[in-house]
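So you can see what is in the structure, the chains are spelled out below.
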Amino acid sequence: MSERKGYILFIDVEPNTGLKKALTKKRTEVIADIRNSGLKGRGGAGFPTGVKWNLAASASSDTKYVVCNADEGEPGTFKDRVILSEYTDDLLEGITIAGYAIGAETGIIYLRGEYEYLKKQIVDTIDKRRSEGWLGKNVGGKEVFNFDIEIRMGSGAYVCGEETALIESLEGQRGEPRNRPPFPVNTGFMGCPTIVNNVETLVTASRIIAKGVDWFTKYGIDKSTGTKVYSISGDCEKPGVYEFNIGITIAELLKEVGGGNAKAVVMGGASGRVVPAKDFAKTVAYVDAPTGGSVIVLGQERDMLDVAENFLEFFVEESCGQCTPCREGNPLLLDGVKRLKNGTCSMEYLQELMSLAETMQLASKCGLGQSSPNAFLSIIEHFETEIFGRVPVM
Amino acid sequence: MEDKKINSDTSRAPKSVKPHTIKIEDTDGIGGKVKVTIDGVDVRVPFGTTILDAAKMINVHIPTLCHHEDLCVAGVCRVCVVDVEGQRTLQASCAYPITQPIVVHTTSPKVRRARRNIIDLLLSKHYGECYSCVRNNNCELQTLAKEYGVDKYRFGHITERRHEVDNSSYALRRDMDKCVLCRRCVRTCIDLQEVGVLGAIGRGDETVIGTFMDKPLADVICINCGQCINRCPTGALQANDPSDEIWNAIDDPKKHVVIQTAPSPRAGIGEEFGLEPGVPLTFEMNTALRRCGFDKVFDTNFTADLTIIEEGTELILRLYNALVKKDPQIALPQFTSCSPGWVKYIEHFYPEYLAHVSSSKSPQQMFGAVIKTYYAQINNIDPADIVTVALMPCSAKKFECNRPEMSDSGYKDVDYGLTTRELAQMIREAGIDLPRIPKSDFDDPFGSATGSGVIFGATGGVMEAALRTVFELVTGQIADPDALAGQVSEIRGFDGIKYKELTLPEKLGPVPDILRMNKDVPFDSWDWLSGATLKLAVAHGTANAKKVLDDIIAGGKFSECHFIEFMACPGGCLGGGGQPIPTTPEIRKARAKAIYSEDQAYEIRKSHDNPAVVELYVKFLTEGPNGHLAHKLLHTHYTPRGKYIA
Amino acid sequence: MLMTERQTQADTIEALAKKFGKDRTGLMPILQEIQAKYKHISDFAMQEIARELDIHPVEVYSVISFYAFLRSKQTGKFVIRLCRTLSCEMAGKKRVARQLENELGVAFGETTSDGRFTLEYANCLGLCDQGPAMLVNDVAFTEVTPEKVHEIIQECKRTFSVYAQEVQKHV
Ligand SMILES: Cc1cc2nc3c(=O)[nH]c(=O)nc-3n(C[C@H](O)[C@H](O)[C@H](O)COP(=O)(O)O)c2cc1C
Ligand code: SF4
Ligand code: SF4
Ligand code: SF4
Ligand code: SF4
Ligand code: FES
Ligand code: FES
């Protein structure tokens, strides 16, 4: 549908160029390409994709899995929805390349339940690819490379985007993150080596194989190569999905989407941080806030405590409830924000809450609890004047 | 690749319910040791050891809450976090396997702050007051609060109940307002016991430990084993305590209150009074019970011996009818019936196998029936005035004595099941310093007991006791218990499932008098058993029972067995749900040692040699073992309950 | 539940278990299909599923209680999920919410007494650039306004009566 402007992801590439090329290479060469490209995961932690693939490839097991993380649940993130619906074929190609690289025979797409309406299209595309010989036995005519893709649905749990929770969910469990180590590349789905990659990561990987490492590394900045797809919403004129070169500053980004007059932006969704206007010019989006590429623009009128409250409500609901700091901590932070709003939070108690927030960041079991206080803390850090006005002076 | 199974001998823990098993690959390929530096001290540990275990080796104490030695790793409470150099976040030491050299700090300011905050968080939602709580002074949450010097509730303190107490069960009481969501009970019930009553329900801060559709415990398939109680760090789970009613009965001059005491509590009760595990206090306890006001103190071992005779006779009859008469209706192997948790388990999960369960009642229930009939008769006491209390290591006994069919004396055969913990409480309340009071003996006429009865407390004990008797009665030769123990050593110890084949000699003795008392015994020589090989098995912990039953269904080697001992609790009764808390593999081993040494101290060590048992048959159960009256009083029937929860 | 209805549910579950594999990895898809078909997963269904997959009923219940989209209690034919997360909040979620409550006469978290509508909040639906966003069953609606709410509900009611007539025809 779209006339999207892009460099790496939002471009037209002859279908299966990447896969055809990959199949002419050795598995190790494919992994080396990904490693040399410097591609980092686009779904969250920014872990180098080549390293991840290599770990899974070298783990000894007959059965391995590729899981495509299409659980996109981070508030303000919707770029995977666009990629899933507009680049379905390219995604399936990317998953197949990953399967070839690590020696897996099964790929699983974990699609969030909220995107049920995308399921049919994906299933149809899988069927089409199977009938064309790009899935199934001897993929693309390559002897002894059998690979197929299934789709599994989520059922309304943000935490299932966390890779080990996702695997638990695939195994028919509550989506409660596992202890790490061991990591999925070693002990993943059904105890087998498994790579979990974001939708965007997998499409990008297929592009890298299709068009070459050198082409890819032309984009981005030294440590972070390539481009990034951003989901931009909130107080701006042209919200939507954009692909930008990594290295773009927030100021530049806002100019593109017509959000010049912002008071602050939330980088990386509810798990991310709030960046005040004074830092717009110096902050490079992505490097400084990698989570998922969500950008929520906050206009001058917005109350920062409303933002913190909304996010904390989100975490209270979405915490899996397994570990103490996150389960019990988030409701307390939420309560703290409410107290701040109505002026009943003493300075002393605020200090206790900041200490609690630190504990949540350090001692929670998974990324959800570890990052849930981020917005709260960065708001307190950057919007002191707005908040301290409401703290009762003892 | 190796599964590091904690206490693998009692845990089946299928893959599907044990996602948190630590599974790591020995990447350096030498399977050797790794160096770890904890608080400046270097130690070399086997590859894959957790930081927590490594710290134990050098006596560094790291607090824990959700960790339990019997259970798989959870890593959820986060109390045990430590600082690992090079890691951005703190790591749960109970769940962190050491696979490369690391440097760990267990008490850095960050760590201390985190632990303190976590404890404060737990307390903020903890509704309960220590002085009105069973776990006062033996509560892991309380200990943590003390260790970390909690002097105020920094994050507030809940002042209203959020959950109703579930009092529906005869055996257990659940107060989820005291729950810290460590999920030890869930892991116990599903992994260790394979019953699957408890689960985490809801998510986020609404998570609560609950049952299927939040039904009361009495309405779901709980087997009352109480293993979850023993592993709960707090007072959220406790047994249903009858001590108030018992005090009332004692204080009522009209009531004749008798107590029978099982072997396992004696091996465990010392722990409640600060002694090392494994110090038996049998005879001190007798004195204490009298001082508490019990009118008579009897030894459950008496009916354990009786059980051996009844159950052994039943087995012999089954064998004869199956092997000689070729009666296809006869169910073999015969299963033991003395563990009420196990009985309820099979009623729910394998009701089609109930015919295999011995119809003999458990020693507790036999005792109750004998007290309210024979004992009442010879002492000329109105059974209506007798209150029978059973001191048991077991919470399921509370359910058992309330089974409607358990009133063959015409009265409720056993009025109260009292656990070791509850008796310890009564003794404390009576101001008695148990370890230091004089010893005294059991009361007659049921005071004499044998070593066979004692070893009922340990897994394999019923089997061994039965063998002592069967061997001697069948061969006509005096069996030396210690020699026999050596011969069947496989059935002692803590392996989850034990198997033994025992071949009888060609030349067998005459059928003994005690059996001949029953005129219905259809043979007058043992020829049909000459040279026969008995196939025997022992399983403890219902997860292991399940394995055995599934094997039987599949027609595996256990289907060939003649006799199988099942105990619901890991370790047997000595690890029962009414025993002192905590429980660990070491503690259970120590209790077992106490039990076996007590056996050796007995003069009479074989059930059929118990003079009181012989006298009971001569004077009362005159038609002999499995005779008409014995059947009425000492045998029972079972209810196929099935798994469906209405 | 009627005996025959139980039997059909049991048969459905058996067929699903065959399709998705008789082990725990089949649990989520089975639950999702039962949920879609019966609008909730009854305690009978849970126990059937547990039996098929050889797990404990409480484990099935535990899983259902974890996921926002799975229900052990009956929900309406139309489940309306309005996004309550920041971008939609900023785009005017509150007015939409009020209109929904007025239109249906129930509060969030409730089901209308005729069993037609369940109203609840959801977290970010991934449509933040077009907020306020909401889902009616699997269908996404974007840039929802109070006026649009009225239309959507009317439309649902129309489909419902068509559906109800069809059911009538088949009985
Ligand atoms: C609470 C939480 C939610 C997450 N949600 C997502 C998600 O929706 N999509 C995603 O791709 N990664 C998500 N992640 C990150 C994944 O755990 C994982 O790092 C990622 O899928 C790896 O893929 P990548 O290396 O391609 O980025 C989430 C992480 C956490 C802690
Ligand atoms: S941090 Fe939160 S979401 Fe993650 S495991 Fe702990 S409770 Fe669950
Ligand atoms: S559970 Fe522990 S902390 Fe809670 S009231 Fe009982 S003794 Fe005190
Ligand atoms: S008593 Fe036994 S069966 Fe009942 S909930 Fe506890 S562990 Fe499970
Ligand atoms: S009931 Fe006890 S064992 Fe179970 S989760 Fe709560 S505190 Fe832990
Ligand atoms: S004891 Fe380690 S997390 Fe609970
Ligand atoms: S915030 Fe409503 S759809 Fe994302």
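The structure we're discussing is the one just above.
Residues numbered from 1 in each chain as written. Chains lettered and ligands numbered in written order. Predicted model: local features only at pLDDT ≥ 70, side-chain atom pairs only at ≥ 80, totals over all residues. Heavy atoms only, no water.

### Considerations on the pairing of strand β10 (residues 273-276) of chain A
Residues and elements named next belong to chain A.
- Two strands pair when backbone bridges link them, and strand β9 (residues 264-267) and β10 are joined in this way by 4 bridges, in the antiparallel orientation. The residue of β10 that forms the bridge with A264 is P276.
- Linking β9 to β10, which pair antiparallel, is a turn of 5 residues; within it G268 sits at a positive phi near 90 degrees. (Pairing = 2+ DSSP bridges. Helix = DSSP H or I, 4+ residues; strand = E, 2+ residues; numbered from the N terminus.)

### Digging into the interface of chain B and chain A
- The interface is formed by 45 residues belonging to chain B together with 45 residues belonging to chain A.
- Roughly 3,600 Å² is buried in total at the junction of chain B and chain A, and carbon and sulfur atoms are behind 47% of that figure.
- In terms of surface lost to chain A, no three residues of chain B exceed L121, F155 and R203 of chain B, which account for 17% of the buried area on that side.
- The tally of links from chain B across to chain A stands at 5 salt bridges.
- Among the salt bridges present, the one from E176 of chain A reaches R183 of chain B, with a minimum N-O distance of 2.8 Å.
- Remark: the boundary between chain B and chain A carries 19 residue pairs in polar contact (both at pLDDT 80 or more).
- Going through the elements one at a time, β2 (23-24), α2 (109-124) and β9 (199-201) of chain B are the ones with two or more residues in the side of chain B that touches chain A. (Contact = heavy atoms within 4.5 Å. Buried area = accessible area lost by both parts, 1.4 Å probe. Salt bridge = Lys/Arg side-chain N within 4 Å of Asp/Glu carboxyl O. Polar contact = N/O pair within 3.5 Å; in protein donor to acceptor, adjacent residues only side chain to side chain.)

### As for the pattern of salt bridges
All names here are of chain B.
- Summed over all chains, the structure comprises 84 salt bridges over all chains.
- The partner of E490 in a salt bridge is K500, with the nearest N and O atoms 3.3 Å apart. Of this pair, E490 sits in the loop between α16 (481-487) and β17 (497-503) while K500 sits in strand β17, and the two are 10 residues apart along the sequence.
- Across the pair K546 and D550 runs a salt bridge, and its minimum N-O distance is 3.4 Å. Here D550 and K546 lie together in helix α18 (residues 542-553), a separation of 4 residues that amounts to about one turn.
- Counted as one network, the salt bridges with shared partners bring together E464, R468, D482, R492, D599 and R605.

### Observations concerning the packing of aromatic side chains
- This structure, assessed with the given rule, holds 39 aromatic pairs over all chains.
- Ring plane angle 70 degrees and centroid distance 5.2 Å describe the contact between F314 of chain A and F315 of chain A, whose orientation is recorded as edge-to-face. The residues F314 of chain A and F315 of chain A share a single accessibility class, namely buried.
- Just above the ring of F10 of chain A sits the side chain of R4 of chain A; from NZ or CZ to the centre is 5.5 Å.
- The ring centre of F399 of chain B lies 5.0 Å from the NZ or CZ of K344 of chain B, which sits over that ring. (Phe/Tyr/Trp six-rings, centres within 6.5 Å; stacked < 30°, edge-to-face > 60°. Buried < 20%, exposed > 50% of the residue type's maximum accessible area, 1.4 Å probe, protein only. Lys NZ or Arg CZ within 6 Å of the ring centre and 35° of its normal.)

### Structural notes on helix α9 (residues 301-324) of chain B
- Taking 1.5 Å of rise per residue, the 24 residues of α9 of chain B would be expected to cover 34 Å, and the 33 Å separating its terminal C-alpha atoms lies within 8% of that figure.
- A large share of α9 of chain B lies buried, amounting to 21 of its 24 residues. (Expected span 1.5 Å × (residues − 1).)

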